[in-house]
Amino acid sequence: MAYTIAEKPEEARAFAAETDRNEDPAKRAAFDTKVAAEGKIEPRDWMPEKYRKTLVRQISQHAHSEYVGMLPEGNWVTRAPSLRRKAILLSKIQDEAGHSLYLYSAVETLGVSRDELLDALHEGRAKYSSIFNYPTLTWADVAAIGWLVDGAAIVNQVSLQRCSYGPYSRAMVRICKEESFHQRQGYEAMMMLAQGTPEQKKMAQDSLNRWWWPSLMMFGPSDKDSPNSEQSMAWRIKRDSNDDLRQKFVDMTVPQAEYLGLKMPDPDLKFNEETGHYDFGEIDWNEFWEVVNGNGICNRERLQDRRSAWDKGAWVRDAAMAHAEKKDARKLAAAAE
Ligand code: FAQ
């Protein structure tokens, strides 16, 4: 169902008309032309209010995902099996924090402050990716997150590098480079387990069994049930549909599992010679919506941990502000001399 403004101009115009009836038609036309010509919309450019709101929604959810996404892996920093693994894990988690910062900055360019965004998250009003509400029970889960979760994130984010909003698209370019390292270290860690002792191989298989379906859910609801896709694709915020990206991820990952000698937990998974893609079983959408709506295994714990980290970090923020104010005052005094 993937289409673009150029292919479906009437639909794109219908969305546009809905956006804001009071908007200036000349500005609107310039915006549409720029988007259709693959130009980037920048923070100071005029944009329809609905376009701005859609970006705030998606980029903030993405930022929160990176921010909450540190927690499941953070659970294993003190128990990593070697110093090398610990160093890799620490640096990966630090990268995820960095990703959330680039993304919060991208949302700030749309006129929403970081404090507002974090308040919404801490008060349970904001969404973040369902995947981070699953527990990390064994070390193999850290490997599975790198391989599958970062793998799924890359498929989605490579596509978002072509997003029509400049700051988001540029953040994606840098994030993808880092995620690609994350995915490779996860696959390598999984390979060590899959080629290890029978217990290690069992641990790797158990981890794949638990993370496979939630990873497929990361791509969001099926296209037919995705209320935002049509408009976001018309505006070139999203460049590929949820189902198309999910299929891409399945096609890419199944051979990787075969190479590891692991079995995908899906009896319906089968290569379709006609389509050239893997057919796969039905996703449990009931589980997906339960997790999205706050009832996953770890939703409450994740929010509690974020709130607690925020409260414990208050003195650091206060100290940084006091230092910045002192520096500014010194600069002012020096300028007045
Ligand atoms: N979880 O109409 P659509 C990472 C919501 S980063 C929770 O299809 P849309 C790095 C959706 O927000 C992972 N909610 O929505 C890492 C919407 O709710 P709303 C995050 C979900 O926006 C790795 C409603 O359902 N990546 O992993 C989910 O067009 C390892 C209807 O859905 C991004 O955020 C879900 N899985 O498409 C970090 C990528 N799916 O707002 C640490 C950017 C859907 O209407 C360790 N985002 N919903 O109330 C996107 O590409 C899109 O926003 C989608 C959803 C594809 C996620």
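Residues numbered from 1 in each chain as written. Predicted model: local features only at pLDDT ≥ 70, side-chain atom pairs only at ≥ 80, totals over all residues. Heavy atoms only, no water.

Caption draft 1: Looking closely at unusual backbone geometry. The backbone of E38 sits at a positive phi, close to 65°, despite the residue not being glycine. Mapped onto the secondary structure, E38 falls in the loop between α2 (25–36) and α3 (49–68). For R236, which is not a glycine, the phi torsion comes out positive at approximately 60°. In this structure R236 comes out as buried when scored by relative accessible area, which is 4%. (Helix = DSSP H or I, 4+ residues; strand = E, 2+ residues; numbered from the N terminus. Buried < 20%, exposed > 50% of the residue type's maximum accessible area, 1.4 Å probe, protein only.)

Caption draft 2: Representation of a positive patch on the surface. Where like charges cluster on the molecular surface, the positive patch consists of K326, K327, R330 and K331. Structurally, K331 is set in helix α14 (residues 314–336). (Patch = residues over 30% accessible without salt bridge, like charges linked within 9 Å, V, L, I, M, F, W, Y side chains within 5 Å. Areas by Shrake-Rupley, 256 points an atom, 1.4 Å probe, with all protein chains shown as cover. Salt bridge = Lys/Arg side-chain N within 4 Å of Asp/Glu carboxyl O. Lys, Arg positive; Asp, Glu negative; His and termini not counted. Charge placed at Lys NZ, Arg CZ, Asp CG, Glu CD.)

Caption draft 3: Focus on the pattern of salt bridges. Scanning the model with the defined rule gives 22 salt bridges in all. Notably, a salt bridge pairs D150 with K92, separated by 2.8 Å at the nearest N-O pair. One end of the pair, D150, is in helix α7 (residues 139–160); the other, K92, is in helix α5 (residues 83–108), and 58 residues separate them in sequence. In this structure, D150 and K92 share a single accessibility class: buried. Salt bridges sharing common partners tie together E73, K92, E96 and D150.

Caption draft 4: Quick look at the site of the ligand. Lining the immediate environment of the ligand, one finds 36 residues, of which Q61, K127, S130, S226 and K238 sit closest. Within the contact set of the ligand, an oxygen atom lies 3.3 Å away from a backbone nitrogen or oxygen of P227. Residue N228 places a main-chain N or O atom 2.9 Å away from an oxygen atom belonging to the ligand. Its free accessible area being 1,100 Å², the ligand has 92% of it covered by the protein chains. For the ligand, the cavity whose grid points lie within 2 Å of the majority of its atoms is the largest pocket. Going through the elements one at a time, α3, α5, α7, α8 (166–194) and α12 (285–295) are the ones with two or more residues in the shell around the ligand. Its residues assigned to classes, the shell around the ligand shows 15 nonpolar, 12 polar and 9 charged. (Near = heavy atom within 4 Å. Polar contact = N/O pair within 3.5 Å; in protein donor to acceptor, adjacent residues only side chain to side chain. 1 Å grid on protein atoms, 1.4 Å probe; cavity = no way out; pocket = protein on both sides within 12 Å on 5 of 7 lines; lining within 4 Å. Sits in = over half its atoms within 2 Å of the grid points. Nonpolar A, V, L, I, M, F, W, Y, C, P; charged D, E, K, R; others polar.)

Caption draft 5: Examining the confidence of the model for the chain more closely. Per-residue confidence for the chain gives a mean pLDDT of 94, with 94% of residues at or over 70. In this model, residues 1–9 is a region of pLDDT below 50 whose contacts with residues beyond four sequence positions or in other chains number 17 contacts. (pLDDT = per-residue confidence, 0-100. Contact = heavy atoms within 4.5 Å.)

Caption draft 6: Here's a closer look at the nonpolar core. Y51, I59, W147, Y165, M190 and W212 are the most contacted members of the largest nonpolar core, which has 79 residues in total. Among the elements that make up this core, the one with the highest residue count is α7 (12 residues). Once residues lying within four places of it in the same chain are set aside, the contact partners of Y51 are F31, I41, S164, Y165, W235 and I237. (Core = buried A, V, L, I, M, F, W, Y, C linked by side-chain atoms within 4.5 Å.)

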